Every structure is written in C-alpha cells, then in structure tokens.
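Residues per chain are reported as follows:
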Amino acid sequence: MSSTHHAPRPSLPHRPAAAGHRAGPASFGDHLRTWRQQRHLSQLELADEADISTRHVSFMETGRTNPSREMVLRLCERLAIPLRERNALLVAAGYAPMYRERALDDPALAAARRAVELVLKGHEPCPALALDRCWNVVATNRAAQALLASHVSPELLEGTVNVFRLSLHPNGLAPHIANLAQWRAHLFERLRQQIQATADPVLVALQAELLEYPAPDESGSMVLDGEMLGVVMPFCFQSAQGTLSFISTTTIFGTPVDVTLQELAVESFFPADEFTAQVLREIAAASSGQ
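In this report, we go over the structure that sits alongside the text.

1. Side note on the side chain of Arg 86
And step 1. Mapped onto the secondary structure, Arg 86 falls in helix 5 (residues 83-92).
And step 2. Looking at Arg 86, the relative accessible area reads 11%, which means it is buried.
And step 3. Once you skip the residues sitting within four places of it in the chain, Arg 86 turns out to touch Cys 76, Glu 77, Ala 80, Ile 81 and Tyr 99.

2. Some details on the sheet that holds strand 2 (residues 137-140)
And step 1. With antiparallel pairing, five strands are arranged side by side in an open sheet as 2-1-5-4-3. Single-partner strands in this sheet number two, and they are strand 2 and strand 3 (233-239). Across the sheet, the axes of successive neighbouring strands diverge by a mean angle of 30°, strand direction being ignored.
And step 2. Bridge analysis of strand 4 (residues 242-252) against strand 5 (residues 265-271) gives seven bridges, and the strand direction is antiparallel. By the bridge assignment for strand 5, Thr 249 is matched with Ser 268.
And step 3. Across the face of the sheet, helix 12 (residues 274-287) comes into contact with strand 4 and strand 5 while running at roughly 85° to strand 4.

3. Details of the packing of aromatic side chains
And step 1. In the structure shown here, the tally under the stated rule is seven aromatic pairs.
And step 2. Between the aromatic rings of Trp 135 and Phe 164, the centroid separation amounts to 5.2 Å while the plane-to-plane angle is 20°, which identifies the pairing as stacked. Taken together, the residues span a long stretch of sequence, with Trp 135 in the loop between strand 1 (128-131) and strand 2 and Phe 164 in helix 8 (residues 163-168) at a distance of 29 residues.
And step 3. Grouping aromatic residues by their ring pairs yields a cluster made of Trp 183, Phe 235, Phe 237, Phe 246 and Phe 269.
And step 4. It is Arg 64 that lies over the ring of Phe 59; its NZ or CZ is 4.1 Å from the centre.

4. A closer look at the environment of Arg 142
And step 1. Its location among the elements puts Arg 142 in helix 7 (residues 142-151).
And step 2. For Arg 142, a relative accessible area of 42% puts it in the partly exposed group.
And step 3. For the pair Arg 142 and Leu 129, spaced 13 residues apart in sequence, the C-alpha to C-alpha distance is 9.8 Å.
And step 4. Other than its neighbours up to four places away in sequence, Arg 142 contacts Glu 124 and Ser 288.

Basis of the calculations
Residues numbered from 1 in each chain as written. Predicted model: local features only at pLDDT ≥ 70, side-chain atom pairs only at ≥ 80, totals over all residues. Heavy atoms only, no water. Helix = DSSP H or I, 4+ residues; strand = E, 2+ residues; numbered from the N terminus. Buried < 20%, exposed > 50% of the residue type's maximum accessible area, 1.4 Å probe, protein only. Contact = heavy atoms within 4.5 Å. Pairing = 2+ DSSP bridges. Axes fitted to C-alpha atoms, helices over the stretch in contact; angles between N-to-C directions. Phe/Tyr/Trp six-rings, centres within 6.5 Å; stacked < 30°, edge-to-face > 60°. Lys NZ or Arg CZ within 6 Å of the ring centre and 35° of its normal.

None of the figures reported here should be taken as evidence of function without further support.
Have a look at this one:
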C-alpha cells in the first residue's frame, strides 16, 4: 500500500527553541511566591506541608527572613520543584547551586551517554529518540533516522530538532499520521502538564508556536484504541510501505543529583502488529546494506 498523495504543504516558520535561562524573579521571596502560586497553595497550606508557621512563610516571601539552606531544600521538596529551578532558589537565597548541570557530551557523563546509546541501539529495528527537557532531539537510533529522513522536510532536521515540531508541523510528520487529532491532543496534554510542573517559558513559547499550526480535521482522523493515559499511546503512520501501527512510551532517566540526567527522556516506539514489525526489519536490513 503506497502512501497517500498530499497537496503541496504550507510553509510555516521553523522557530528554533529558545536558549538560555529564564529571567525569572530576582529575590528568593519572589521565587517562593511564584512556585507556591504555581502549585495552587496558600501560605497556610505550604506552612503545613513544610511544618513551619504561616508567619515564617510570609516573612520569607517578603524578604524579612532569609531561609537557611536546609529550609530552601525542604521547601523545594514540598513544592516538587525540578532540580534546575532548585538551583535558582538556592542562588537567590545566597547559597551555591547544589545540582550539577552539564552537557551530555561532557566527559563526566560518558557512562550515561554510553547507556543512552545502548538503549537506543538495543531498541532497533524499532524507532527510538533521546530527548532533553524541551523535547529537543539529543540522539536517535538508525530506525528513527530512516523514518524521519524519508517523511520530514530537510529544514526541520536542521539546527535544533524538536520532536513536537516534527510531529505537528505540516511539513513534518503530521500529514502522515492517521490518528493526528488523537496524537496532537496527547502531545498538548504532555506539554500542558510539563508547563504546570516547571513553569518553563521555553515550553510556553513552544506551546504557542504549535498552536499556530493548522489543526487537523477531527472527522477525518482515526481514534485508535489502546491508549493508556501517561503510559502508552497508539501512533498510526502512513508510510511508503503501508500503514505502520505503533505504541509509544516514554522513559525518564531520573537522578536526584544531576540536572541533565533528570531531564533526559527516551521516546520509544513498539510495533503494534506483525506487518509493522516486518516493515521495520526490512528497513533495518536495507539501511545496513544487507
């Protein structure tokens, strides 16, 4: 079965993900108030969570009291603040950052990098991608490279490659996704949850960009069974070889001491039927020259 012919697709701007750190509130009190409100807690509720007085919370937010390092960490734990932002609170309170942040190609992360490469390679002939906190592609296996190269406009594979942009951009995978409305809703819900958890302005900007892309006609988009919220998601893809059916799942490399590894994730696709598995094996054989 050959892929459906599509009319020329509109050209939309490819916006690289924003870089750098957020401007953010300057004082510890501003940081604390922002995160308390982000978590929809009153001062009394946060005080109960942290086993301190409401007055103490108020004094920290207004700057009348400077918290100890231990208090900063306790509040971060109670507010479930990501490691990157915990460093920002520590610095704002006058303390050194506690959690390391290094590029994945840093020699100190060589073992972690090898582990990621093994996971990706071990998933072949099925597609898998390693992603950073903003869903930018850090590494892929050969199966993912083959599918992307044959179905995505080259400009979307230049510079910072974002997997949400690849999925939803009209020059990306979107025209080939049979259950696009379902997949799009899944991606936006993941993004919404991450923004709620991190308040990251880079993700807010990405969300705004994605909302500018044409929304699919839901009446013409399949809705597949097998979705397990937060665990697996069906993904149906129209390829030159025929309709490929996958389930997608995300693995997080969490660690309590390293920002980079806490934010690293692997998106893995598994064949949902034997036809898809066979096509993947054939693509793998062709790409390896067998």
